[in-house]
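# A closer look at the structure
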Amino acid sequence: MRGSVPFQWRHFHADTHHMNPGVRAGAPVQVIQHGANPPLQMHGVAVTGMGPVVAVRFETPWPGAPGDDVLLVAGDIGARMVARGRLHTMRASIASFEITDAWKPINLRANARFSTYLGAEVRSVLGQSRQNGTIIDISLGGMSVVTATKPGGREVAIITTAGAYSATLPCEIVHTSRGQDCVTLHLKFRELTAAQSAFVRNLVAAASARPGVLEAGREAS
């Protein structure tokens, strides 16, 4: 495999005392690579606890190279942790990742938000109105969208494009902030399909890696 180096098990045995509560060896892990467009993502299982270095077993070999920056999401629903990392070593279907930022719990009510500049169409489910908007930040739990007027009702659909992919994301308005000539809609995602969830995760991964560069689709209507 391109760029592979010998696999070093000693890193992992020495780090088990750094495990975080709620994340364990054997937990499901999603790894998202920042460099690809859209970001590459693969699902695996943790071979070790979530210490400074974590090994993940995939069904197929991780296709990247040592030094790749990634975002790791680990644990079961309701007890997930997220951290930034860097590909360290690879051997067959097992890859190890050096954790470059502390593991943090994922709280769907208080996710870290990342700045974006994405064009979108805002559709009111109740009023059936349509208007252009701009997504100014996004998280795993929701987004903020600037529009000219507040849509009718609490349920809206946000249609946007990033790279070669488009998605329609069902949302609920939880708060609005009024400006001089615009309204900012603070939204939380309603139940998402697997494809919609993957689209959101890709946006968050790209925004967290390179804030301010998510501009594809700004002319969407």
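Residues numbered from 1 in each chain as written. Predicted model: local features only at pLDDT ≥ 70, side-chain atom pairs only at ≥ 80, totals over all residues. Heavy atoms only, no water.

Here the focus is the overall build of the protein chain. Check the secondary structure of the protein chain and you find 2 helices and 13 strands. Here the protein chain, with 221 residues, has 43% of them falling under the buried criterion. Intrachain contacts of the protein chain at a sequence separation of at least 6 include 57% that bridge at least 24 residues. Carbon together with sulfur atoms contributes 52% to the accessible area of the protein chain, which is approximately 11,100 Å² in total. (Helix = DSSP H or I, 4+ residues; strand = E, 2+ residues; numbered from the N terminus. Buried < 20%, exposed > 50% of the residue type's maximum accessible area, 1.4 Å probe, protein only. Contact = heavy atoms within 4.5 Å. Areas by Shrake-Rupley, 256 points an atom, 1.4 Å probe, with all protein chains shown as cover.)

Now for the sheet that holds strand β8 (residues 114-124). Read once around its circumference, the closed barrel built from 6 strands follows the order β8-β9-β10-β13-β12-β11, with strand pairing classed as antiparallel. Adjacent strand axes in the sheet meet at a mean angle of 45° when their direction is disregarded. Direction of pairing for strand β9 (residues 130-138) relative to strand β10 (residues 142-147): antiparallel, over a ladder of 5 bridges. If you follow T134 over to β10, its bridge partner there is V146. (Pairing = 2+ DSSP bridges. Axes fitted to C-alpha atoms, helices over the stretch in contact; angles between N-to-C directions.)

For the structure on display, the rule yields 3 aromatic pairs. Ring geometry for W62 against F97: centres 5.8 Å apart, planes inclined by 90°, an arrangement best described as edge-to-face. On the criterion of sequence distance, the pair formed by W62 in the loop between β3 (53-58) and β4 (69-74) and F97 in strand β6 (residues 94-99) is long-range, its members being 35 residues apart. Accessibility expressed as a relative area gives 1% for W62, which makes it buried. In textbook terms, an aromatic cluster arises when at least three aromatic residues are bridged by ring pairs, as seen for F58, W62 and F97. (Phe/Tyr/Trp six-rings, centres within 6.5 Å; stacked < 30°, edge-to-face > 60°.)

On to unusual backbone geometry, then. Excluding glycine, most residues fall at negative phi; most peptide bonds, likewise, are trans. Even without a glycine there, the phi angle at A92 is positive, about 55°. Note on placement: A92 falls in the loop between β5 (81-91) and β6.

One can find E121 in strand β8. A distance of 2.4 Å separates polar atoms of two side chains, one belonging to E121 and the other to R123. (Polar contact = N/O pair within 3.5 Å; in protein donor to acceptor, adjacent residues only side chain to side chain.)

Most of strand β13 (residues 183-189) sits inside the fold, with 5 of its 7 residues counted as buried. Sheet topology note: the β10/β13 ladder contains 6 bridges and is antiparallel. For V145, the partnering residue across the bridge sits in β13 and is L185.

For the structure shown, the criterion picks out 6 salt bridges. Where R86 meets E98, a salt bridge forms, and the shortest distance between an N and an O atom there is 4.0 Å. Of this pair, R86 sits in strand β5 while E98 sits in strand β6, placing them 12 residues apart in sequence. On the basis of relative accessible area, R86 is assigned to the partly exposed category, the value being 33%. E121 serves as the salt-bridge partner of R123, at 2.4 Å between the closest nitrogen and oxygen. The exposure class assigned to R123 is partly exposed, which follows from its relative accessible area of 29%. Residue classification places E121 among the buried residues on the basis of a relative accessible area of 9%. Within the structure, one salt-bridge network assembled from shared partners comprises R154, E155, E172 and R190. (Salt bridge = Lys/Arg side-chain N within 4 Å of Asp/Glu carboxyl O.)

Let's shift gears to the confidence of the model for the protein chain. Model confidence for the protein chain is summarised by a mean pLDDT of 76, while 74% of its residues fall at 70 or above. Segment residues 1-22 is flagged for pLDDT under 50; beyond a separation of four residues in sequence, or across chains, it makes 50 contacts in the model. Low confidence marks residues 211-221, where pLDDT is under 50. Its contacts with residues over four positions away, or in another chain, come to 24 contacts. (pLDDT = per-residue confidence, 0-100.)

Further remarks concern the nonpolar core. Across soluble globular proteins, nonpolar side chains show a tendency to be buried alongside one another. Counting residues in each nonpolar core, the largest one holds 22 residues, and the members touching the most others are M143, I158, L169 and L187. Within the residue set of this core, elements represented by two or more residues are β8, β9, β10, β11 (155-162), β12 (165-178), β13 and α2 (194-209). Not counting residues up to four positions away in its chain, the partners in contact with M143 are R113, I135, D137, I138, I158, L169, L185, H186, L187 and F189. Ranked by size, the runner-up nonpolar core spans 19 residues in total, among them V54, W62, A83 and F97. (Core = buried A, V, L, I, M, F, W, Y, C linked by side-chain atoms within 4.5 Å.)

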